[in-house]
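These are the residues of each chain, in order.
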Amino acid sequence: MKIQFSTKLTEGKTKAKHAIVVAVTDTKKLGANAAALDKKLGGAISRALQAAKFDGKKAQIMSILGVDGLSGDRLTIVGLGAEKDLGALTFQAVGGKIASYLGRHGIKSAEVIFDGYKGVKVGDAVAEAAFSARLRGYFFGKYHTKRKAELQPSLETLTFVTKDDAAAKKLYAEYEKVADGIDFTRDLVTEPANVIYPESFAEACKQLTKLGVKVEILTAAQMKKLGMGSLLGVGQGSVREPRLVVMQWTGGKKTQKPVAFVGKGVTFDTGGISIKPSANMGDMKYDMAGAGVVAGLMKALAGRKAKVNVVGVAGLVENMPDGNAQRPGDVVTSMSGQTIEVLNTDAEGRLVLADALWYTQDRFKPQIMVNLATLTGAIVISLGEFRAGLFSNNDKLADKLTAVGKKTGEECWRLPLGPEYDEMINSDIADMKNISEGRGAGSITAAQFLQRFVNGTPWAHLDIAGVAWSGKGLASAPKGATGYGVRLLNQLVKDHYEG
Ligand code: BES
Ligand code: ZN
Ligand code: ZN
């Protein structure tokens, strides 16, 4: 979808499949641009606002068709809710709504008027709406050979009309790069596991070199030399060889310690010998979403030339149950030297991250380290699709993530860590076991396991099992892969680590 900004509506003859959109608060007052249009249309907008059951609630939407004298064939009015509640998230919700609504109604192009609200920097608000519209318009049509035209959102061009188009353009230029990163993540996550496996995922990351990212790919043999027995054990039942992708963006001062992001990249999780039930097993193609977010985040940061040093690490394996697969009860030695009794081969994400986290802190000595992983089904039970689970050994970092989550709409919710949970993963035969007994605190004990591999680095773990994929769609995402985390961590970097 092409996004544009302008200070004026286009005039002239009625264009087919073209909508003029006016956004109003619940006072239903029209701003200057919308009032001028209303006058030109002989009061059609004001009359419609009076006649219809429309009270300007957030993301409420209605259309009037065939308005005489309008340069489009549809006049659409969208609500913003109460003026006192206007903020970035309102414009996000409304921008996404406009894109999804027009995209479903066969509209090809639209002009959206935003103006006349008090206490809002209208240029920034318009950029938020544009960002969300662009993200909501995502469509993965690669494998449709017959119904593509019917399924694809119709909207091709969206023009935002605002008096502060300069500010909108400036902020959107940055958001566009973030959106490119998010869409990269979504593509990787949506691709099936016969297309995206460790080697092809790593290959896809190589495109980031064009943006100035240094991309290294470690093979299984190289990881073996490093002693990554934990990660390699997960991959040994698959014909697809594991990979570790290390991406570096050096936009900051030479002396600045990097910020590190580490992702779980299980390109398919059958559960291994502790095999999963067949119902919904296909969902496990998105068990690489953590790694997908790290790749998309690197694309976003490099794309907008962030003034910061960043390392992104993706631990990539396929968890399969062949004759060479690891068995429940096997003991593996991780790169840290710590031994692990693998009691359940389906608790594999933590085994991958154990070596990826240790490697990252050991090699880069980062100032902070944040990992993302579709780690536990238990977090889906706790928080559903709307918040990621947040675990951290550092209150400041946890607070920053929580605040940035509220600001961007990619929220996370902190859960505790503690010695009583840590004890639950002590093993009789090795330093630890990869599952705890009983059904309690599954997401927490998984986080405790990860914490044993961060070596005291200020660290946060985001369990994104619930948020990586949306069943119904969200304000800024159609149903499917959401790309959750790119926007959050881009903003974390921007607000706290750049400059
Ligand atoms: N990949 C799954 C977790 C998951 C569940 C991701 C649902 C996305 C949606 C993970 O590897 C897993 O299987 N975890 C087990 C751990 C258990 C064996 C301790 C789980 O959550 O059941
Ligand atoms: Zn698993
Ligand atoms: Zn998994």
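Scroll up to find the structure.
The rules behind the values
Residues numbered from 1 in each chain as written. Chains lettered and ligands numbered in written order. Predicted model: local features only at pLDDT ≥ 70, side-chain atom pairs only at ≥ 80, totals over all residues. Heavy atoms only, no water. Donors = N, O, S within 2.8 Å, 3.2 Å for Na, K, Ca; no water. Tetrahedral: all angles 85-135°; square planar, octahedral: opposite > 155°, others 65-115°. Buried < 20%, exposed > 50% of the residue type's maximum accessible area, 1.4 Å probe, protein only. Near = heavy atom within 4 Å. Polar contact = N/O pair within 3.5 Å; in protein donor to acceptor, adjacent residues only side chain to side chain. Areas by Shrake-Rupley, 256 points an atom, 1.4 Å probe, with all protein chains shown as cover. 1 Å grid on protein atoms, 1.4 Å probe; cavity = no way out; pocket = protein on both sides within 12 Å on 5 of 7 lines; lining within 4 Å. Sits in = over half its atoms within 2 Å of the grid points. Phe/Tyr/Trp six-rings, centres within 6.5 Å; stacked < 30°, edge-to-face > 60°. Helix = DSSP H or I, 4+ residues; strand = E, 2+ residues; numbered from the N terminus. Lys NZ or Arg CZ within 6 Å of the ring centre and 35° of its normal.

### Describing the coordination of the zinc ion (ligand 3)
Looking at the zinc ion (ligand 3), one finds its protein donor set to be K264 (NZ), D269 (OD), D287 (OD) and E348 (OE), positioned 1.9 to 2.4 Å from the metal centre. Classification of the site at the zinc ion (ligand 3) rests on its six donor atoms, whose angles at the metal span 77 to 174 degrees, yielding the label octahedral. If you list the donors of the zinc ion (ligand 3) from N- to C-terminus, the spacing comes out as K-x4-D-x17-D-x60-E. A spacing of 3.2 Å is found between the zinc ion (ligand 3) and the zinc ion (ligand 2), which share D269 as a donor.

### A few points about the coordination of the zinc ion (ligand 2)
Note on the zinc ion (ligand 2): its protein donors are D269 (OD), D346 (O), D346 (OD) and E348 (OE). The metal-donor distances range over 2.0 to 2.2 Å. Classification of the site at the zinc ion (ligand 2) rests on its six donor atoms, whose angles at the metal span 71 to 166 degrees, yielding the label irregular. Mapping the donors of the zinc ion (ligand 2) onto the primary sequence yields the spacing D-x76-D-x1-E. The exposure class of D269 is buried, given its relative accessible area of 3%. According to the relative accessible area criterion, E348 is buried, its value standing at 1%.

### A few points about the site of ligand 1
With respect to spatial proximity, 16 residues lie near ligand 1, and among them K276, D287, D346, E348 and G377 are the closest. Between ligand 1 and K264, the relevant distance is 3.2 Å, taken from an oxygen atom to a side-chain nitrogen or oxygen of the residue. For ligand 1, whose accessible area on its own is 520 Å², the fraction buried by protein is 77%. With respect to the pocket detection grid, ligand 1 is positioned in the largest pocket.

### Overview of the packing of aromatic side chains
By the definition in use, this model includes nine aromatic pairs. When the centroid spacing of 6.1 Å and the interplanar angle of 15 degrees are considered together, the rings of F114 and F160 count as stacked. With a gap of 46 residues between them, F114 in the loop between β5 (109-113) and α4 (122-136) and F160 in strand β6 (residues 157-161) connect regions that are remote in the sequence. For K299, the ring lying beneath its charged end belongs to F184, and the centroid distance is 5.2 Å.

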